[in-house]
Amino acid sequence: MRWDNLRLTAAGQDDPAVPLFARGAVTRTFDTPEFRGMTFYEIRAKSIINRVPGASRVPFEYTINPYRGCSHSCIYCFARKTHEYLDLDAGADFDSKIVVKVNAAELARGELAAPRWGGHHVAMGTNVDCYQRAEGRYKLMRGILAALRDAANPFSILTKGTLILRDLDLLTEAADVTDVSASVSVGFTDPGLWRAVEPGTPDPRRRLETCATLNDNGIACGVLMAPILPYLTDSPAQLERTVKEIAAAGATHLAPIVLHLRPGAREWWLGWLSREHPRLVPRYLELYGRGAYAPKAYQQRITAQVEELAARHGVGRATPAMSRRVPPRPAPAAPQPEQLRLL
Ligand code: SF4
């Protein structure tokens, strides 16, 4: 691996300024524009395949997450809170202090080969984005995908990162021997709002192109239309514009999710809203005054509108261009708002 202009320090064991988890970790910073202001904590994880606690009711049981924190920096990101468990904050630290599990690929290979492993579906991109900018440097996903391919282990990936196309070779090789699927997350395509709300992500239209390319190469890819932002992206005309573009990208399915605001994301989002759209603050407090979720009636209305638009514009009618050898197994159910961060 070649590191341009890196600065490297071994985090001190006793320095109180160093977060507890990072003591003994290798800390890297780079002067390249892409990574300016960011810090990477390289750690060696003890294990990499996580079993999701039964109580979380997610449609998958096992996940792999090679990173913590996310440079995509979506203001509404509900994974923000998890950074506090590391002694970091849920705001700027989440965007710029990234934990990198440098041994993720070797752990994945070992754990997939262990006799006790049952060959279960593995979901990736379910906590933070596995194709965020750091992945361009660390290339952890390549090793993980190669391990999954070699074990013929089924998996899915959820991402906002166009970088997934770098690994098209491995994805198609894996799809020849097991069940592979992907989803990209695109809640809206308005360019101004994208820059304001998802400042570290690729353009939503490039994400849709990514979806089209995956489907063209036989990797079934749908769209998680998330988050739908009340009063900002939820007018009938806005919803229709977004659904039309998703349909044009040949998405195999579309799952709409209305914004939810858990602690961590809530403070960060309302802070942004009060600076940029102060007149909306009372309306948001009305919608989210009682908790993390918008009222059921609002969610149901938006979901029904999106489903009707999806049917009208033919989402799901296209099929991946090339059919892979392995017949598709039942895909995990579409994610529900309480199940996923909003990639
Ligand atoms: S919503 Fe997804 S892409 Fe955005 S910051 Fe969170 S983990 Fe990253």
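See the structure above.
It should be emphasised that the depicted structure is a prediction, and the values quoted were computed from it without experimental measurement. (Residues numbered from 1 in each chain as written. Predicted model: local features only at pLDDT ≥ 70, side-chain atom pairs only at ≥ 80, totals over all residues. Heavy atoms only, no water.)

Draft legend 1. Spotlight on the overall build of the chain. A count of helices and strands for the chain gives eleven helices and twelve strands. The proportion of buried residues among the 343 residues of the chain is 55%. For the chain, long-range pairs separated by at least 24 residues make up 76% of all intrachain contacts whose partners lie at least 6 apart in sequence. (Helix = DSSP H or I, 4+ residues; strand = E, 2+ residues; numbered from the N terminus. Buried < 20%, exposed > 50% of the residue type's maximum accessible area, 1.4 Å probe, protein only. Contact = heavy atoms within 4.5 Å.)

Draft legend 2. Examining the nonpolar core more closely. Among the nonpolar cores identified, the biggest contains 90 residues, and Met124, Leu145, Phe155, Ile157, Trp269 and Tyr284 are the most heavily contacted of them. The greatest single-element share of this core, amounting to seven residues, is contributed by helix α4 (residues 140-150). Apart from residues lying up to four places away in sequence, tryptophan 269 is in contact with Ile75, Tyr76, Val197, Leu229, Leu232, Leu259, Leu261 and Tyr284. Leu158, Leu224, Ala255 and Ile257 belong to the second largest nonpolar core, which has five residues in total. (Core = buried A, V, L, I, M, F, W, Y, C linked by side-chain atoms within 4.5 Å.)

Draft legend 3. Quick peek at the environment of glutamate 111. By the element assignment, glutamate 111 lies in helix α2 (residues 104-113). For the pair glutamate 111 and isoleucine 49, spaced 62 residues apart in the sequence, the C-alpha separation amounts to 7.3 Å. For glutamate 111, the contacting residues outside a window of four places in its chain are Lys46, Ser47, Ile48, Ile49 and Trp117. A polar side-chain atom of glutamate 111 sits 2.9 Å from the main-chain amide nitrogen of isoleucine 48. (Polar contact = N/O pair within 3.5 Å; in protein donor to acceptor, adjacent residues only side chain to side chain.)

Shape descriptors only; they carry no functional weight alone.
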